[in-house]
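# An overview of the molecular structure
Okay, here's what each chain looks like letter by letter:
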Amino acid sequence: MVMGVLLGLGTVTQVHAQNSDPMMTRQEKRAMRKKQRTAADMAQFEQAKQALENGDWVLEANRLYTKWGRLINVSDQTNFVSLENNTAYMQLAFNGYTGPNGLGGITLKGKPTQIKMTEDKNGNITYQMSVIGNALTADITVRLNKGNNFADAEVNAATTSARLRFAGQLVPLDQSTTYRSGMDF
């Protein structure tokens, strides 16, 4: 993983040095910038894929979608789905509201079972797990499309018809900027 990130950063540095060449045309500079963005995005994808494989990841959600498709913009620092040390967490927090977690929402945790990660022929990743906890019994499906670290996680409650989709960036746990409430159920 580290080697892949370093290779990606090496490509970005090389592209940046070429991009500053005053003899390049505007089109060549634009092509180089596009190549640079693509290399950086692929490095982030590889890092997110490795985090899923390691079982220590966070999907920092900046958007939530209800089961009826309604979009809710949220803070990616307090809304997430994660897997940490073989414990799954899901946290919702809405500014201006009260909730059991003290952040305007709820923080749930549980033990993941039946973890399965597959990659399709295009390199897109699907990561599935069932989570069983005191207040959370759900099937969670994470989709990470090849090319960057933007992902979504669909949470389907097993006991009700509740469904919620988190969308945002998937990062390794040690790079996450999320804040988890100390009050989880």
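Residues numbered from 1 in each chain as written. Predicted model: local features only at pLDDT ≥ 70, side-chain atom pairs only at ≥ 80, totals over all residues. Heavy atoms only, no water.

### So, the overall build of the protein chain
The condition that has to hold: Working definition: helices are DSSP H or I runs of at least four residues, strands are E runs of at least two. Numbering for both runs from the N terminus. Contacts: residue pairs with any heavy atoms within 4.5 Å of one another.
The helix and strand inventory of the protein chain stands at two helices and nine strands. Along the chain direction, N to C, the helices and strands of the protein chain fall in the order α-α-β-β-β-β-β-β-β-β-β. Contacts spanning at least 24 positions in sequence make up 47% of the contacts within the protein chain whose residues lie at least 6 apart.

### A closer look at the pairing of strand E9 (residues 163-172)
The criterion, for reference: Here the term buried applies to any residue with accessible area under 20% of the maximum for its type, exposed to any over 50%, and partly exposed to those in between, with areas from a 1.4 Å probe on protein chains only. Between any two strands, at least two bridges found by DSSP are needed for them to pair.
Counting buried residues along E9, seven of its ten residues qualify, which places the element largely inside the surrounding structure. As defined by bridge partners, strand E1 (residues 57-66) adjoins E9 across nine bridges and the pair is classed as antiparallel. When the bridges of E9 are listed, Arg63 appears paired with Ala167. Looking at chain direction, strand E8 (residues 150-157) and E9 are connected through seven bridges and run antiparallel. Across the sheet, Val155 pairs through a bridge with Leu164, a residue of E9. Where E8 folds back on E9, the antiparallel hairpin that results is connected by five residues.

### Quick look at the packing of aromatic side chains
Filter applied, for reference: Between the rings of Phe, Tyr and Trp (Trp by its six-membered ring), a pair exists once the centres lie within 6.5 Å; its type follows the angle of the planes, with under 30 degrees stacked, over 60 edge-to-face, and the other angles tilted. Criterion for a charge above a ring: Arg CZ or Lys NZ at most 6 Å from the ring centre, at most 35 degrees from the ring normal.
Per the counting criterion, the structure on display carries one aromatic pair. Arranged with centres 5.6 Å apart and planes meeting at 80°, the rings of Trp57 and Tyr127 form a pair that is edge-to-face. One end of the pair, Trp57, is in strand E1; the other, Tyr127, is in strand E6 (residues 125-132), with 70 residues separating them in the sequence. Between the NZ or CZ atom of Arg165 and the centre of the ring of Tyr65, over which it lies, the distance is 4.1 Å. Here the guanidinium or amino end of Arg180 rests over the ring plane of Tyr89, the centre of that ring lying 3.8 Å away.

### Quick word on the pattern of salt bridges
Stated formally: The term salt bridge refers to a pairing of a side-chain nitrogen on Lys or Arg with a carboxyl oxygen on Asp or Glu at a separation within 4 Å.
If you walk through the whole model with that rule in mind, you get four salt bridges. Residues Arg180 and Glu84 are paired through a salt bridge, measuring 2.8 Å at the closest nitrogen-oxygen approach. Here Arg180 is found in the segment after E9, whereas its partner Glu84 is found in strand E3 (residues 80-84), with 96 residues between them in sequence. Here the residues in one salt-bridge network are Arg143, Asp152 and Arg165, joined through shared partners.

### Describing the layout of surface pockets
Empty space among the atoms becomes apparent when a probe as large as a water molecule is rolled across them. We apply this condition: Grid points spaced at 1 Å and placed over the protein atoms alone form the basis of the search, with a cavity being a set where a 1.4 Å probe fits but cannot get out and a pocket an open set showing protein on both sides within 12 Å along at least five of seven lines. Lining residues have an atom within 4 Å of a point. Grid points are joined across faces, edges and corners, and a volume is the space filled by probe spheres set on the points.
Empty space within the largest pocket amounts to approximately 240 Å³. Surrounding the largest pocket, 16 residues form its lining, Met90, Leu136, Val155, Ala157 and Ala162 being those nearest its centre. The greatest single-element share of the lining of the largest pocket, amounting to three residues, is contributed by E8.

What is shown is where atoms sit, not what they do.
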